[in-house]
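Spelled out from the first residue to the last, the chains are:
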Amino acid sequence: MSNNPSHIAIIMDGNGRWAQAQDKNRTFGHEKGSEVVRTITTYCAKNPEIDRLTLYAFSTENWKRPKLEVEFLMKLLQKYLKQELPTYLEGNIRFQPIGDLSAFSTSLQSTIREVKEATQHCTGLIQSLALNYGGRDEIIRAAVALQAAQTPISFDLISQTLDCDTDVDLLIRTGGDHRLSNFMLWQSAYAELFFTDTLWPEFTTDELEKIIQKFKKVERRFGGLN
Ligand code: FPP
């Protein structure tokens, strides 16, 4: 029996290096990276084995970047969401952002809410963009909510209170580094990790498909025996 890549999560790294290698501004890499987001999302939406795709678009730590880069990323995100609404609808893709959205401008928050609501009826792939997301921050926010509710803590309750209640099956990081960078810490407890040197702007559906085929052959034991 082969594994089902039901929930794929991707750390999209390498935009800046890709742009700088061509003597371009880092923002050029983010722009190209957003096109790859669309290509990969559309591809996953056509694969009935994939139920959820979670993409790390802006971390709680990314605010430390130069102001101009942060501003560019905010504008790019807003442009992407407005522009890609037809892609979501045509692909039957439900947009389900994760992260602490309260830090964004009211205008960006409205766009996020609009796309979320407009795609709520879609029954195909769930695409989660992780926005102002950090795994530790997500756990802390859930703990604070549970403390306020004064309910007995359980595994299920914690899972359901997190931004994302679905375990990750396959976690991919592009860009050559081998770390989790505070991404999906709870949900990746038994994820299979795949790292590639490919920079995100050069990541293709062919490479994703190759990774999925390798993932399918892995023996997943979840701490047990065969
Ligand atoms: C890492 O590349 C990437 C990010 C910090 C953000 C990811 C953003 C995108 C893929 C584009 C925008 C997304 C959407 C959905 C509009 P890096 O800048 O850390 O690259 P580097 O490691 O080469 O410096």
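Heads up: the structure comes first, above all this text.
Residues numbered from 1 in each chain as written. Predicted model: local features only at pLDDT ≥ 70, side-chain atom pairs only at ≥ 80, totals over all residues. Heavy atoms only, no water.

1. Let's talk about the overall build of the protein chain
Cut-off, in case you're wondering: The way it works is that DSSP assigns letters per residue, a run of H or I at least four long becomes a helix, a run of E at least two long becomes a strand, and they are numbered from the N terminus. Radius of gyration means the value over C-alpha atoms here, while the globule rule gives 2.2 Å times the residue count to the 0.38 power.
Looking only at helices and strands, one finds eight helices and six strands in the protein chain. Reading the protein chain from its N terminus to its C terminus gives the helix and strand order β-α-α-β-α-α-β-α-β-α-α-β-β-α. Since a compact globule built from 226 residues should have a radius of gyration of about 17 Å, the 17 Å found for the protein chain is in line with a globular shape. For the protein chain, the C-alpha atoms occupy an extent of roughly 50 × 45 × 35 Å along the three principal directions.

2. Remarks on the pairing of strand β6 (residues 192-195)
Stated formally: The classification of residues rests on relative accessible area computed with a 1.4 Å probe and restricted to protein chains. Under 20% of the type maximum is buried, over 50% is exposed, and intermediate values are partly exposed. Two strands are counted as paired when DSSP detects at least two bridges linking them.
In β6, alternate side chains face the same way, and those of E192 and F194 are buried while those of L193 and F195 on the opposite face are not. Of the strand pairs in this sheet, strand β5 (residues 170-173) and β6 are connected by four bridges, and their pairing is parallel. Directly across from L171, in β6, lies its bridge partner L193.

3. Description of the state of the cysteines
The following threshold applies: For this text, the term disulfide refers to a pair of cysteine sulfurs within 2.5 Å.
With the rule as written, the count across this model stands at zero disulfides. You can see C44 has no disulfide; the closest cysteine sulfur is in C164, sitting 15 Å from it. By relative accessible area, which is 1% here, C164 ends up buried.

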